[in-house]
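One-letter residues, chain by chain:
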Amino acid sequence: NQAFSVLGIPVHVMANYPGWLLESLEQGRGIHVVTLNAEMTMQAEQNEFLAQIIKNAELVIPDGAGVVLYLRLLLWQKVQRFPGIELAEKLLQELGQQKTGAKVFFYGAAPGVASTAADFWQQQIPELNIVGTHSGYHSPEEEAQLQQTLAQLQPQVIFVGLGVPRQELWIAENRHLCPQAIWIGVGGSFDIWSG
Ligand code: UDP
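Report on the accompanying structure. (Residues numbered from 1 in each chain as written. Predicted model: local features only at pLDDT ≥ 70, side-chain atom pairs only at ≥ 80, totals over all residues. Heavy atoms only, no water.)

**Describing the layout of surface pockets**
Turning to step 1, where the next piece is worked out: In this structure, the largest pocket encloses a volume near 200 Å³.
Turning to step 2, where the next piece is worked out: Taken together, 16 residues form the lining of the largest pocket, with Thr35, Asp63, Gly84, Val186 and Gly187 sitting closest to its centre.
Turning to step 3, where the next piece is worked out: At the level of secondary structure, the elements contributing two or more residues to the lining of the largest pocket comprise helix H5 (84–97), helix H8 (166–174) and helix H9 (189–193).
Turning to step 4, where the next piece is worked out: Split into classes, the residues belonging to the lining of the largest pocket amount to six nonpolar, eight polar and two charged. (1 Å grid on protein atoms, 1.4 Å probe; cavity = no way out; pocket = protein on both sides within 12 Å on 5 of 7 lines; lining within 4 Å. Points joined across faces, edges and corners; volume = space filled by probe spheres on them. Helix = DSSP H or I, 4+ residues; strand = E, 2+ residues; numbered from the N terminus. Nonpolar A, V, L, I, M, F, W, Y, C, P; charged D, E, K, R; others polar.)

Right, here's the structure in full:
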């Protein structure tokens, strides 16, 4: 798991991110995945708290073209760009193909969007085990309920679509609820999947 510094943020370069994540899943290693783009690195420069969260993430993937270009020049080798939504889709496909039965949870976006996205994926990949969804707009009371649900369900793959940097902060604050899970910030992916 080799990491290279992009403006002080360690970015991991590997051939098969979904494969590595599935291994982590099998071993019950908790992982926070950040898909890094230029906008995020700029936000991190302004926000030390966010910077620390990204540095603490077990997996930071080059998402934006700027980050990839930087790494190519630094390493003098081809570095593949992996947008967050593509990583999420690839991971869902692998979970289905390998029939892992891993519990998946979708959190974020306007009311109804995450559940529509979940229906879409469940139809595409019947082997998936999506155990729950929750919208990203709610009261503090509902948030407490969501935290309780997560602690009880113990999903193993949790997609969080609240936008940057809200989703990264939220994951850092809540990942202790499901310490063995893979947590991924997916931005507006639920909106795209729900059509
Ligand atoms: N969002 C949310 N709760 C909020 C603010 C935003 O669930 O309090 C959702 C919003 O509905 C959208 C996603 O977060 O689905 C942000 O999407 P965007 O494409 O802006 O993400 P980014 O560009 O930051 O990856």
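**Section: helix H6 (residues 113–124)**
Turning to step 1, where the next piece is worked out: For H6, built from 12 residues, the straight-helix expectation of 16 Å at 1.5 Å per residue is met to within 8% by its first-to-last C-alpha distance of 17 Å.
Turning to step 2, where the next piece is worked out: Residues of H6 that are buried include every one of Val113, Ala114, Ala117, Ala118 and Trp121, and no others. Take H6 and look down its axis: the buried residues cluster within an arc of 135 degrees, on one side only. When the buried face of H6 is taken as reference, the exposed residues oriented beyond 90 degrees from it are Asp119 and Gln123.
Turning to step 3, where the next piece is worked out: Of the surrounding elements, those touching the buried residues of H6 are H5, strand S5 (103–108), strand S6 (129–134) and H9. (Expected span 1.5 Å × (residues − 1). Buried < 20%, exposed > 50% of the residue type's maximum accessible area, 1.4 Å probe, protein only. Arc of directions from axis to C-beta. Contact = heavy atoms within 4.5 Å.)

**Digging into the environment of leucine 75**
Turning to step 1, where the next piece is worked out: Residue position: leucine 75 is located in helix H4 (residues 65–75).
Turning to step 2, where the next piece is worked out: Distance from leucine 75 to leucine 177, taken between C-alpha atoms, is 37 Å for residues 102 residues apart in sequence.
Turning to step 3, where the next piece is worked out: What leucine 75 contacts, discounting residues up to four positions off in sequence, is Phe4 and Val13.

**Focus: the packing of helix H2 (residues 38–46) against helix H3 (residues 48–56)**
Turning to step 1, where the next piece is worked out: Between H2 and H3, the shortest axis-to-axis distance is 5 Å and the interhelical angle comes to 125 degrees. With respect to each other, H2 and H3 are oriented oblique. Considering how the two elements wind past one another, H2 and H3 form a crossing that is left-handed. Here H2 contributes Met40, Gln43, Ala44 and Gln46 to the contact with H3, which in turn contributes Glu48, Leu50, Ala51 and Ile54.
Turning to step 2, where the next piece is worked out: Within the contact of H2 with H3, the residues separate by chemical class into five nonpolar, two polar and one charged. (Axes fitted to C-alpha atoms, helices over the stretch in contact; angles between N-to-C directions. Parallel < 35°, antiparallel > 145°, perpendicular 65-115°, else oblique. Left-handed = near helix turned anticlockwise from the far one by under 90°.)

**Overview of the sheet that holds strand S7 (residues 157–161)**
Turning to step 1, where the next piece is worked out: The sheet built from six strands is open, its strands ordered S4-S3-S8-S7-S5-S6 with parallel pairing. Taken across any chain shown, the strands that pair with only one partner, and hence form the sheet edges, are strand S4 (59–62) and S6. Sheet twist, expressed as the average angle between the axes of neighbouring strands with direction ignored, equals 20 degrees.
Turning to step 2, where the next piece is worked out: Here S5 runs beside S6; their pairing, made up of five bridges, is parallel. Along S6, the bridge assignment pairs tyrosine 107 with histidine 134.
Turning to step 3, where the next piece is worked out: Contacting strand S3 (31–36), S4, S5, S7 and strand S8 (182–185), H5 crosses the sheet at an angle of about 155 degrees to S7. (Pairing = 2+ DSSP bridges.)

**Observations concerning the pattern of salt bridges**
Turning to step 1, where the next piece is worked out: Counted under the stated rule, the structure contains three salt bridges.
Turning to step 2, where the next piece is worked out: With its nearest N and O atoms 3.7 Å apart, the salt bridge here joins arginine 81 to aspartate 63. Pair noted here: arginine 81 is in the loop between H4 and H5 and aspartate 63 is in the loop between S4 and H4, with a separation of 18 residues, a long-range link.
Turning to step 3, where the next piece is worked out: Residue classification places arginine 81 among the partly exposed positions, given a relative accessible area of 41%.
Turning to step 4, where the next piece is worked out: A residue is classified by how much of its surface remains accessible, and aspartate 63, at 12% relative accessible area, is buried. (Salt bridge = Lys/Arg side-chain N within 4 Å of Asp/Glu carboxyl O.)

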